[in-house]
Amino acid sequence: MSRYLTPSKIGLLALISLYAESLVPSAATIPILSFLVAHLLPVHSRASQNPSSENNHGFTLPIAALQQATITQTSVIPGRTLWDLLLNKLWEINSFDALHLFFDTTSLLLEKSRDEQDTEESNASRSRRTLLSRSSPLGAFVRRCQLEFTRLQFHDGITLWKSFITYRSPTIKAWSRRHPGKSASIDANLDKNLDREPVVSEELISRVIYGDIANSSLNDANISTEDVEKLLEYQVEQMQKMGSRLSSDVKSQLRSMIHNGVTVPSLSHYVEFLDAWKAGDYPTSFDNLHRYFDYTMHHKDRTFYQYALLNLAVLQADFGSFAEAVVAMQEAISTARENNDMGCLNYSLSWLYHFGKEHPEEMADIQKEGVLGTEREALAFLKAKARESNMWSLLSTTLLSEAKLSLSSGESVALAFENVTKASHLNLIKDVVNAIGSQMAMQSSLFGRLGVSCQASLNQDIYANCYAGPSPLEDVIRCTCKSAKLLALKGRYEDALARMEGVDHEALRTLKQYHYWTACMGMLKLQSHLHKDHLVAADHVLSQLRASQKLEADLLFNIAVLEIDLHIRSRNYSTAMDILEELATKLNNSEADVFHRTKLMILKARIYDKAGIPQKGFSVALRAASLAHNAKILPALWEAVGAVSRILINVREFEAAARLMENIMPQVLECEDCELAAQSFSHLADAHMGMAGDAPVESLQRKERLTKALGYIDRSFDEFSSIEDVRGQCEMMAKKATIMHLNGDPVLANDCAAKYLDIKRAAKDLT
């Protein structure tokens, strides 16, 4: 197979020659030139102008596409379409010698060089031609085709000629209708030189020389080595940009192209490395990575050495070999610095920073050596280098990392918003599409920490509806999981599960993304089982989640919190406290997220309350409230205030507890967290019940307090019902029945007791 020339390129050359011979009228000039340019521009140029162009213009241009583009366009010759003239041009190449003449005459389509213009006089026919500039896209294509045909070996030239015969064979009937004296048989029109043989029939000789052309395959006729290289480059770009794997169809097509006689490019090993890496096949990915970079090193291409180390480090980290990954990345940084490769150097330093955030224990030696300095120094360095190198994607990512650092350390929320706004402006001005997902996720997290859940959900929906198409699949899956989590907080479990199951299965073929999606789906189901009081099923789901490997720190923390909740509901308070203390030990440093530390304090106060010693958690709850207030984590602040009010109720400070809860209830409802709202209403009901108990019997104040407590119980019951929390519903029914007894209404009290039993029975039937 030819390295560059294919039969489809001969068809494009024939169409260009019609344009240069001024046979294309003015009305058809723009459609024809658009068609030509669409198939001559590089792949990335077409894809950047029109994302769907890759589906419309493949690497192999069939003869039917030429017919479709020209059959509706009239020519300057009356009664003839451009398809008629193109057909004549293709069938005029009726021998291997005619093919040589065709390529020899392509130089007449180009403007003469200055030296040739000085030595040659213009002839009359030149004025009728539209000569192509030698540096134009059409002119460069003509020059390249002529050069490649001149460089062809004789065997490759014969192969190209046979492939061209096969390529134009579907048009034999259309051509014979326009030439009544010609036979409609393919074998009779293969080679003009066969007409000179007087003894044997032309068809018999053609079958001996060319074989069965009519039944030959067209798949390998239109592919060159350069086409395969361009296709591989495009696939590498898409796999690195989108974080996806090769689809089964594309993989089979690539294999068929490579096995159809095309020289295997070294880039095919890199494509197989990326596909095996995303699939979680460590041996295959490691082997193909070495094959690709061994090939480049064999050709003395030293500039790729730092990228080999970079890919090796990322591969080792994804498969859990963290020590080897750090060593490989340090060597990549040193090599990139020696070769003055600022792009590779900046990316390597950025990767090392984010790796240190995920695995701080592996970065102890690096921190001692001072390679990155402190976190803020590392981010400042990366921002400066990204601006110098015009690496806008890295700059946007660094700004978002700085915002995340401000949030995790409990610093100014205004500073975090400032960095997110800078990143948003940069993404818009510099068209950094692949960073929009991280930016929208950070905005959603900011609004979520401020307790504005409607804005958090809105950011997720905007991203899913407007930016998910060109974004990496990892960002799309994370957005879907966070959106499902927000729906679950509102009690919409069915909608949350439906949104999770609506993820494209092609996106889940990547192992890392599948692990993330599976963990989020498992946490949704675990939370649902806990609320429905299906503790056995919850324990089963939890055991599956604990068996998951290579999960991120946030997911592991959320799983640990759900495990503590399971033990609290099972009344295993000592086990829950042990897990909490172990988790707190891991977070006992200044780099831990302030939200995680606040959450653990609130859980600790809750365990003390459930164990019957709420006063012991008073200081813990106050510290959690202070920490959440300073860090502006408002949902955690309201939860901590609820824990404080619960303790105040236990020490009979009912009025103080009621004032606390009444002041925060509007903000609690704004969070759109049904469980938080249900617990807050329950605390209010308990406080008013306590104040009713302190009021004189049969007094108006006592009745008012009981009425308010009854209203708060109903509100709490509705919120618990939204999330299908069986224990919460039963607790509210029990409290309501108690109030009915106190009010002297046994009928309503019995109704509440019956409803209590119905809820218990329904929950038991579902297990």
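Residues numbered from 1 in each chain as written. Predicted model: local features only at pLDDT ≥ 70, side-chain atom pairs only at ≥ 80, totals over all residues. Heavy atoms only, no water.

## Examining the overall build of the protein
Phase 1: Scanning the protein from N- to C-terminus turns up 39 helices and 0 strands.
Phase 2: In the protein, which comprises 767 residues, the share counted as buried stands at 49%.
Phase 3: If you take every contact in the protein between residues at least 6 apart in sequence, the share linking residues at least 24 apart comes to 63%.
Phase 4: Per element, the accessible surface of the protein, about 37,400 Å² overall, is 52% carbon and sulfur. (Helix = DSSP H or I, 4+ residues; strand = E, 2+ residues; numbered from the N terminus. Buried < 20%, exposed > 50% of the residue type's maximum accessible area, 1.4 Å probe, protein only. Contact = heavy atoms within 4.5 Å. Areas by Shrake-Rupley, 256 points an atom, 1.4 Å probe, with all protein chains shown as cover.)

## Focus: helix α19 (residues 342-358)
Phase 1: Relative to the 24 Å expected for 17 residues at 1.5 Å per residue, α19 spans 24 Å between its end C-alpha atoms, a close match to the ideal helical length.
Phase 2: Cys-344, Leu-345, Asn-346, Ser-348, Leu-349, Ser-350, Trp-351, Leu-352, Tyr-353, Phe-355 and Gly-356 are the residues of α19 that are buried. (Expected span 1.5 Å × (residues − 1).)

## Things to note about the packing of helix α21 (residues 375-389) against helix α22 (residues 392-408)
Phase 1: Direction vectors running N to C along α21 and α22 enclose 160°, while the axes themselves pass 9 Å from each other. Considering their axes alone, α21 and α22 lie roughly antiparallel with respect to each other. As α21 packs across α22, the resulting crossing turns out to be left-handed. Across from Glu-375, Arg-376, Leu-379, Leu-382, Lys-383, Ala-386 and Arg-387 in α21, the residues of α22 making contact are Leu-394, Leu-395, Thr-398, Leu-399, Ser-401, Glu-402 and Leu-405.
Phase 2: Of the residues in the contact of α21 with α22, the class split is 7 nonpolar, 2 polar and 5 charged. (Axes fitted to C-alpha atoms, helices over the stretch in contact; angles between N-to-C directions. Parallel < 35°, antiparallel > 145°, perpendicular 65-115°, else oblique. Left-handed = near helix turned anticlockwise from the far one by under 90°. Nonpolar A, V, L, I, M, F, W, Y, C, P; charged D, E, K, R; others polar.)

## Thoughts on the pattern of salt bridges
Phase 1: If you walk through the whole model with that rule in mind, you get 34 salt bridges.
Phase 2: Among the salt bridges present, the one from Lys-385 reaches Glu-388, with a minimum N-O distance of 3.6 Å. Linking Lys-385 with Glu-388, this pair stays in helix α21, spanning 3 residues, or about one helical turn.
Phase 3: Its salt-bridge partner being Arg-761, residue Asp-758 comes within 2.8 Å of it at the nearest N-O pair. You can see Asp-758 and its partner Arg-761 sitting in helix α39 (residues 746-766), 3 residues apart, about one turn around the helix.
Phase 4: Judged by its relative accessible area of 41%, Asp-758 is partly exposed.
Phase 5: For Arg-761, a relative accessible area of 46% puts it in the partly exposed group. (Salt bridge = Lys/Arg side-chain N within 4 Å of Asp/Glu carboxyl O.)

## As for the nonpolar core
Phase 1: If you look at the biggest cluster of nonpolar residues, it comprises 77 residues, and the most contacted ones within it are Ile-477, Met-500, Leu-526 and Trp-638.
Phase 2: The element that contributes the greatest number of residues to this core is helix α28 (residues 511-531), accounting for 9 residues.
Phase 3: Discounting residues that sit within four places of it in the chain, Ile-477 has contacts with Val-503, Ala-507, Leu-508, Gln-513, Tyr-516 and Trp-517.
Phase 4: Among the nonpolar cores identified, the runner-up in size contains 51 residues, and Leu-61, Leu-90, Phe-141 and Cys-145 belong to it. (Core = buried A, V, L, I, M, F, W, Y, C linked by side-chain atoms within 4.5 Å.)

## Quick notes on the packing of aromatic side chains
Phase 1: Taken as a whole and assessed by the stated rule, the structure comprises 16 aromatic pairs.
Phase 2: On the numbers, 5.4 Å between centres and 45° between planes, the contact of Tyr-270 with Phe-273 is tilted. Of the two residues, Tyr-270 and Phe-273 are both situated in helix α15 (residues 267-279); the distance of 3 residues between them amounts to about one turn of the helix. Comparing Tyr-270 with Phe-273 shows no difference in burial state: the two are buried.
Phase 3: When the centroid spacing of 5.0 Å and the interplanar angle of 15° are considered together, the rings of Trp-351 and Phe-355 count as stacked. Linking Trp-351 with Phe-355, this pair stays in helix α19, spanning 4 residues, or about one helical turn. Residues Trp-351 and Phe-355 agree in their burial class; the two are buried.
Phase 4: In textbook terms, an aromatic cluster arises when at least three aromatic residues are bridged by ring pairs, as seen for Tyr-270, Phe-273, Trp-277, Tyr-292 and Phe-293. (Phe/Tyr/Trp six-rings, centres within 6.5 Å; stacked < 30°, edge-to-face > 60°.)

## Things to note about the packing of helix α7 (residues 96-104) against helix α9 (residues 137-151)
Phase 1: Interaxial distance between α7 and α9 falls to 9 Å at its minimum, and their mutual angle equals 140°. With respect to α9, the element α7 is oriented oblique. Judged by the twist between their axes, the crossing of α7 over α9 is left-handed. Across from Leu-99, His-100, Phe-103 and Asp-104 in α7, the residues of α9 making contact are Cys-145, Gln-146 and Phe-149.
Phase 2: Its residues assigned to classes, the contact of α7 with α9 comprises 4 nonpolar, 2 polar and 1 charged.

## Section: the confidence of the model for the protein
Phase 1: Of the residues in the protein, 86% reach a pLDDT of 70 or more, and the chain-wide mean stands at 83.
Phase 2: Taking the mean pLDDT of every element in the protein, the minimum, 41, falls on helix α4 (residues 53-56) and the maximum, 93, on helix α34 (residues 634-650).
Phase 3: Contacts of residues 44-57 to residues separated by more than four positions or lying in other chains number 14 contacts, the stretch itself having pLDDT below 50. (pLDDT = per-residue confidence, 0-100.)

## Quick notes on the environment of Gly-157
Phase 1: When you line up the elements, Gly-157 lands in helix α10 (residues 154-168).
Phase 2: Look at Gly-157 and you get buried, because its relative accessible area is 3%.
Phase 3: When the C-alpha positions of Gly-157 and Leu-99 are compared, they lie 9.4 Å apart, and in sequence the two are 58 residues distant.
Phase 4: Those residues in contact with Gly-157 that lie beyond four places of it in its chain are Phe-96 and Leu-152.

## Things to note about the environment of Ser-438
Phase 1: Here Ser-438 is to be found in helix α24 (residues 436-449).
Phase 2: Those residues in contact with Ser-438, other than ones at most four positions away along the chain, are Leu-400 and Asp-475.

## Brief notes about a nonpolar patch on the surface
Phase 1: Residues Leu-458, Ile-462 and Tyr-467 make up a contiguous nonpolar surface patch of roughly 230 Å² in combined accessible area.
Phase 2: The topology assignment puts Leu-458 in helix α25 (residues 453-467).
Phase 3: For Leu-458, a relative accessible area of 41% gives the class partly exposed. (Patch = residues over 30% accessible without salt bridge, like charges linked within 9 Å, V, L, I, M, F, W, Y side chains within 5 Å.)

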